Amino acid sequence: MAKSKLTLFIFLYFAALYTVKLAAADQDNEPFVGVNIGTDVTNLLSPTELVSFLQVQKITHVRLYDADQDILKALSKTKIRVIISVPNNQLLAIGSSNTTAASWIGRNVVAYYPETLITAVAVGDEVLTTVPSSAPILIPAIESLYSALVAANLHTQIKISTPHAASIVLDPFPPSQAFFNQSLSSVMLPLLQFLSRTGSPLMMNLYPYYVFMQNKGVVPLDNSLFKPLTPSKEMVDPNTLLHYTNVIDAMIDAAYFSMKNLNVTDVVVLVTESGWPSKGDLKEPYANIDNADTYNSNLIKHVLDRGGTPFHPEITSSVYIYELFNEDLRSPPVSEANWGLFNANTTPVYLLHVSGSGTFLANDTTNQTYCIAMDGVDSKTLQAALDWACGPGRANCSEIQPGEACYQPNNVKGHASYAFDSYYQKEGRSSGSCDFKGVAMITTTDPSHGSCIFPGSKKVSNKTKAIANTTQTSDAAADHGLRRRFITLRDNHMSAATNALAFSILLLIIPFMILC
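In this text the structure is predicted, and so the values were computed from the model without any measurement. (Residues numbered from 1 in each chain as written. Predicted model: local features only at pLDDT ≥ 70, side-chain atom pairs only at ≥ 80, totals over all residues. Heavy atoms only, no water.)

Chemist: How should the overall build of the protein chain be read in this particular structure?
Modeler: For the protein chain, the helix and strand inventory stands at 15 helices and 15 strands. Relative to its full complement of 516 residues, the protein chain shows a buried share of 46%. Counting only carbon and sulfur atoms, one obtains 57% of the accessible surface of the protein chain, whose full area is about 24600 Å². (Helix = DSSP H or I, 4+ residues; strand = E, 2+ residues; numbered from the N terminus. Buried < 20%, exposed > 50% of the residue type's maximum accessible area, 1.4 Å probe, protein only. Areas by Shrake-Rupley, 256 points an atom, 1.4 Å probe, with all protein chains shown as cover.)

Set out below in structure tokens:
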């Protein structure tokens with residue numbers, strides 16, 4: 001009897017361990033939204049400050065364009081997952097020497113893993129389209145790095161791939177007719193075979209912004225921004241009759257059909273870059289805060305909704321937003337420096353409109369934001385914006401009149417900041433209400449000073465609060481409803497993994513109960 005109990009104990013124990021492993025794998029395989037971290041930024045946060053900021057923003061996945069050792073150290077024991085990259089200028093050395101590849105893996109992966117959760121190595125960036133002369137060395141570099149991971153016994157935990165520009169796919173719409181540029185076949189076919197063999201993703205940088213800009217009049221702006229379309233305006237693939245309500249799904253499916261044409265059907269697309277610029281020059285009128293906010297907010301919702309694509313509704317691609325910070329050191333055009341969700345000083349460029357966004361990118365960390373005048377703007381431009389805010393904008397500018405609480409300091413910047421915030425709060429802090437032709441910015445720091453209390457301040461009197469609460473009750477109720485719906489949606493998605501985990505723990509306990 002004791003022997004049979006022991007046998008049952010051993011069987012149930014290992015069954016439980018296996019179930020726990022499967023439950024953990026299910027959770028790891030859930031689609032996510034991450035961010036790219038570019039470093040062409042004046043006064044970039046220190047690695048320690050950067051990681052603290054990521055944690056405050058509840059960002060769980062990041063992609064680096066190199067393997068910055070200080071950042072990798074700072075990420076240690078944080079549970080933030082990171083893709084590190086081999087810069088294009090290192091490909092030749094790594095692809096030409098197994099020893100160099102092994103040294104790179106030892107220095108940048110083995111030295112940090114598993115304390116730092118490195119999930120993948122991106123080998124180069126858009127190599128086939130930006131540095132085609134390096135194309136012949138790409139596969140040797142990937143294979144050498146993979147061999148080094150195998151030698152370190154990390155090849156099942158850390159994937160290897162290479163990010164591609166969308167332009168490697170030709171004739172992308174309708175998606176069913178898409179195919180990879182045939183001049184790249186000598187690289188793409190062995191690459192896809194490698195990805196299939198190792199369970200690695202096809203990394204794609206996909207930008208509906210550029211699709212729209214290059215096809216104005218053909219691709220609707222609403223379709224690019226995930227806005228609802230009438231059925232008559234939806235893009236329909238005439239070969240499959242699949243309906244596409246947004247551009248990025250069509251781009252992802254074009255990659256899937258392109259792989260299918262090469263008889264590869266078991267590789268998942270990972271979107272390593274996607275985003276929308278918040279500012280552009282005169283030739284880029286659609287690069288603005290409203291469109292950037294709309295695109296990135298809807299992109300996040302799209303991933304969290306886990307709806308997949310029309311061709312693969314069972315697969316939702318994870319996405320890395322480009323990018324975390326505006327990179328002010330980037331070369332023109334203006335849009336190149338304005339893809340960030342945040343300014344270098346960590347103030348949000350705009351507030352994402354995602355119900356329940358506290359679970360990801362809570363970029364209003366205090367639940368209170370203000371609109372103020374930017375530094376360095378000339379007085380004439382600021383005065384024009386101030387005049388508009390107090391005139392057609394109907395901001396309450398009484399407090400900046402002579403003798404009133406916010407008249408001092410008596411300068412255009414101070415008065416403009418108060419007027420901008422009055423308008424911003426009046427408009428419910430809505431997207432685009434803190435712009436004023438590019439001279440205003442959102443901040444989470446209360447600009448109130450002395451007896452001057454800004455309209456959005458929590459320091460307002462009880463009387464003012466009471467009035468505000470009366471007018472805002474319906475808005476708060478609506479927001480509460482949205483949050484509840486998001487939490488319900490999130491909990492539904494998590495329930496399968498959570499139940500599996502709970503069942504696994506129960507299985508672990510039962511053997512001990514039997515044995516006792």
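Once you've had a look at it, read on.
Chemist: How should I be thinking about the side chain of Ser-274 in this particular structure?
Modeler: Following the sequence through the fold, Ser-274 ends up in strand 12 (residues 269-274). Looking at Ser-274, its side chain comes within polar contact range of the main-chain oxygen of Leu-206, at 2.8 Å. Here Ser-274 is in contact with Leu-206, Tyr-207, Pro-208, Ile-248, Tyr-295, Asn-296, Leu-299, Val-319, Tyr-320, Ile-321 and Tyr-322, once residues within four sequence places are set aside. (Polar contact = N/O pair within 3.5 Å; in protein donor to acceptor, adjacent residues only side chain to side chain. Contact = heavy atoms within 4.5 Å.)

Chemist: How should I be thinking about the environment of Ala-337 in this particular structure?
Modeler: Its place among the elements puts Ala-337 in the loop between strand 13 (319-321) and strand 14 (370-373). Placed 59 residues apart in sequence, Ala-337 and Ser-278 show a C-alpha to C-alpha distance of 9.3 Å. With sequence-adjacent residues up to four places away left out, Ala-337 is seen in contact with Asn-326, Glu-327, Asp-328 and Arg-330.

Chemist: Just to check I follow, could you spell out the pattern of salt bridges for this structure?
Modeler: In a structure, side chains of opposite charge can pair up when their charged atoms sit close to one another. Applying the stated criterion across every chain, the model contains 8 salt bridges. For Arg-63, the salt bridge goes to Glu-273, with nearest N and O atoms at 3.1 Å. One end of the pair, Arg-63, is in strand 2 (residues 61-64); the other, Glu-273, is in strand 12, and 210 residues separate them in sequence. On the accessibility criterion, Glu-273 (6% relative accessible area) is buried. (Salt bridge = Lys/Arg side-chain N within 4 Å of Asp/Glu carboxyl O.)

Chemist: Would you mind showing me how to read unusual backbone geometry here?
Modeler: Note: most residues except glycine have negative phi, and most peptide bonds are trans. With an omega of 0 degrees, the peptide bond running from Phe-173 to Pro-174 counts as cis. Among the secondary structure elements, Pro-174 is positioned in the loop between strand 7 (169-170) and strand 8 (179-180). Of note, the amide linkage connecting Pro-332 to Pro-333 takes the cis form, showing an omega dihedral of 10 degrees. Although it is not a glycine, Arg-306 adopts a positive phi angle of roughly 55 degrees. The topology assignment puts Arg-306 in the loop between helix 12 (289-304) and strand 13.

Chemist: Sorry, what's going on with the sheet that holds strand 9 (residues 202-205) here?
Modeler: With respect to topology, 9 strands assemble into an open sheet ordered 5-4-3-2-1-13-12-9-6, the strand pairing being parallel. The open sheet has two edge strands with one neighbour each: strand 5 (159-161) and strand 6 (164-165). Here strand 2 runs beside strand 3 (residues 81-86); their pairing, made up of 3 bridges, is parallel. Within strand 3, the residue paired with Arg-63 across the bridge is Ile-83. The strands touched by helix 5 (residues 98-110) are strand 3 and strand 4 (117-123); relative to strand 3, the strand with the most contacts, the crossing angle is about 155 degrees. Where helix 8 (residues 185-198) meets the sheet, it contacts strand 5, strand 6 and strand 9, and its direction lies at approximately 170 degrees from that of strand 5. (Pairing = 2+ DSSP bridges. Axes fitted to C-alpha atoms, helices over the stretch in contact; angles between N-to-C directions.)

Chemist: Any chance you could explain helix 12 here in plain terms?
Modeler: Think of an α-helix as 3.6 residues a turn; residues three or four steps apart then line up on the same face. Relative to the 22 Å expected for 16 residues at 1.5 Å per residue, helix 12 spans 22 Å between its end C-alpha atoms, a close match to the ideal helical length. Most of helix 12 is tucked away: 13 of the 16 residues are buried. Downstream of helix 12 by a residue or two, Arg-306 has a phi angle that is positive, lying close to 55 degrees. (Expected span 1.5 Å × (residues − 1).)

Chemist: For this particular structure, what's the right way to read the packing of aromatic side chains?
Modeler: What describes a pair of aromatic rings is the distance from one ring centre to the other and the angle between the planes of the rings. Taken as a whole and judged by the stated rule, the model has 22 aromatic pairs. On the basis of an interplanar angle of 75 degrees and a centroid distance of 5.0 Å, the ring pair of Tyr-209 and Trp-276 is categorised as edge-to-face. Of the two residues, Tyr-209 is situated in helix 9 (residues 208-214) and Trp-276 in the loop between strand 12 and helix 12; the sequence distance between them amounts to 67 residues. Residue class for Tyr-209 comes out buried when judged on its relative accessible area of 1%. (Phe/Tyr/Trp six-rings, centres within 6.5 Å; stacked < 30°, edge-to-face > 60°.)

Chemist: Please explain the pairing of strand 2 as it appears in this structure.
Modeler: Along any regular strand, the residues point their side chains to alternate faces of the sheet. Neither face of strand 2 is open: one carries His-61 and Arg-63, the other Val-62 and Leu-64, and all of them are buried. With respect to chirality, the unit in which strand 1 (residues 33-37) leads through helix 2 (residues 47-56) into the neighbouring parallel strand 2 is right-handed. (Right-handed = clockwise from strand over helix to strand, strands pointing away.)

Chemist: What should I look at first to understand the state of the cysteines in this one?
Modeler: Here is the idea: a disulfide is a covalent bond, and it sits between the sulfur atoms of two cysteines. A complete count under the given rule lists 3 disulfides for this structure. Residue pairing for Cys-371: its cysteine sulfur links by disulfide to Cys-434, the two sulfurs lying 2.1 Å apart. Linking Cys-371 and Cys-434, the disulfide has an S-S dihedral of approximately 85 degrees and is accordingly described as right-handed. Highlighted residues: Cys-371 in strand 14 and Cys-434 in the loop between helix 14 (412-426) and strand 15 (440-443), separated in sequence by 63 residues. Residue classification places Cys-371 among the buried residues on the basis of a relative accessible area of 0%. For the protein chain, the bonded cysteines pair up as 1-5, 2-3, 4-6 when numbered in the order they occur along the sequence. (Disulfide = S-S within 2.5 Å.)

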